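Chains, contacts and geometry: an overview
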Amino acid sequence: MFLPAGKNVLVILGHSGRNTFSAAVADTYAQAARSAGHTVRVLHLADLNFDPLLHGSNPHHQALEPDLLAAQDSMAWAQHMAWVFPVWWGGVPALLKGFLDRAFVSGYAFKFNQGSPFPVPLLKGRTAHLLVPMDTPPWYFRWFYRMPAIHQMRKTTLEFCGIRVRKTLSLGPVISSTAEHRTRWLGQAGALAGRI
């Protein structure tokens, strides 16, 4: 019987806290991916030492800190990424936005060729899952708010850079959830990791 080789999987936690439901989702996903035979690295953005503010308009005038360089190496290593982040004020947390502003720079994540207005994605060949806890009911976030955080991550960030998002798992509302709800959602996160 032929068994496919495991992949290099990077789990990125975009929440600033450790004892959160988002952290539990990231841990569950990572454990399930390891159990499925994948090689897994976990990146807690809150543990990185970097300035999340882009000072000035040119990111290349601001040297990348060692933790950002290491994060870029991990993203280059990864064949698949799982981005776990809550929705705050309809968008991604400031920590995650700052990481994207600093790490997803031209020449690494994308580039522009002279004379063309269209970007060339430099992270092609990778896939991703988005796991997104939220306090808003997911159906309301989708149909009334039009999912700004998910569109930002999926369309204007990851796919812009060539990373194909295969599935988004919206989990909520967390604020009114029971232990049974959270256990079920963690099970869904683990099942998703088994389908990398």
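Up top is the structure.
**Some remarks on the overall build of the protein chain**
- When you go through the protein chain residue by residue, the secondary structure sums to six helices and seven strands.
- Taken from the N to the C terminus, the helices and strands of the protein chain come in the order β-α-β-α-β-α-β-β-β-α-α-β-α.
- The principal-axis extents of the C-alpha atoms in the protein chain amount to approximately 55 × 45 × 30 Å.
- Expressed as a percentage of the 196 residues in the protein chain, the buried residues total 44%.
- Of all intrachain contacts in the protein chain linking residues separated by at least 6 positions in sequence, the fraction that spans at least 24 positions is 76%.
- A total of about 10,200 Å² of accessible surface is found on the protein chain, and carbon and sulfur atoms cover 56% of it.

**Considerations on the packing of helix 2 (residues 66-77) against helix 3 (residues 94-103)**
- Taken N-terminus to C-terminus, the directions of helix 2 and helix 3 make an angle of 85°; their axes are 11 Å apart at the nearest point. Put simply, helix 2 runs roughly perpendicular to helix 3. On helix 3, the residues touching L68, A71, Q72 and M75 of helix 2 are F99, R102 and A103.
- Among the residues making up the contact of helix 2 with helix 3, the classes are represented as five nonpolar, one polar and one charged.

**A word on the packing of helix 1 (residues 21-35) against helix 6 (residues 179-193)**
- Relative orientation of the contacting elements helix 1 and helix 6 amounts to 40°, with a least axis distance of 8 Å. Judged by the twist between their axes, the crossing of helix 1 over helix 6 is right-handed. Contacts between helix 1 and helix 6 involve F21, A24, V25, T28, Y29, A32 and A33 on the former and, on the latter, R182, W185, L186, A189, G190, L192 and A193.

**Some details on helix 5 (residues 148-158)**
- Regarding helix 5, the residues found buried are A149, I150, M153, T157 and L158. Buried residues along helix 5 cover an arc of 120° about the axis, so they all sit on one side.

**Here we look at the environment of H15**
- Summarising the element assignment, H15 is placed in the loop between strand 1 (8-13) and helix 1.
- Take H15: its relative accessible area is 13%, and that puts it in the buried class.
- Separated by 70 residues in sequence, H15 and F85 place their C-alpha atoms 5.6 Å apart.
- Every residue in contact with H15, bar those within four places of it in the chain, is listed here: T20, S22, A46, V84, P86, W88 and L95.
- Only 2.8 Å separates the side chain of H15 from the backbone nitrogen of G17, close enough to count as a polar contact.

Analysis parameters
Residues numbered from 1 in each chain as written. Predicted model: local features only at pLDDT ≥ 70, side-chain atom pairs only at ≥ 80, totals over all residues. Heavy atoms only, no water. Helix = DSSP H or I, 4+ residues; strand = E, 2+ residues; numbered from the N terminus. Buried < 20%, exposed > 50% of the residue type's maximum accessible area, 1.4 Å probe, protein only. Contact = heavy atoms within 4.5 Å. Areas by Shrake-Rupley, 256 points an atom, 1.4 Å probe, with all protein chains shown as cover. Axes fitted to C-alpha atoms, helices over the stretch in contact; angles between N-to-C directions. Parallel < 35°, antiparallel > 145°, perpendicular 65-115°, else oblique. Nonpolar A, V, L, I, M, F, W, Y, C, P; charged D, E, K, R; others polar. Left-handed = near helix turned anticlockwise from the far one by under 90°. Arc of directions from axis to C-beta. Polar contact = N/O pair within 3.5 Å; in protein donor to acceptor, adjacent residues only side chain to side chain.

All we've got here are geometric facts, nothing functional implied.
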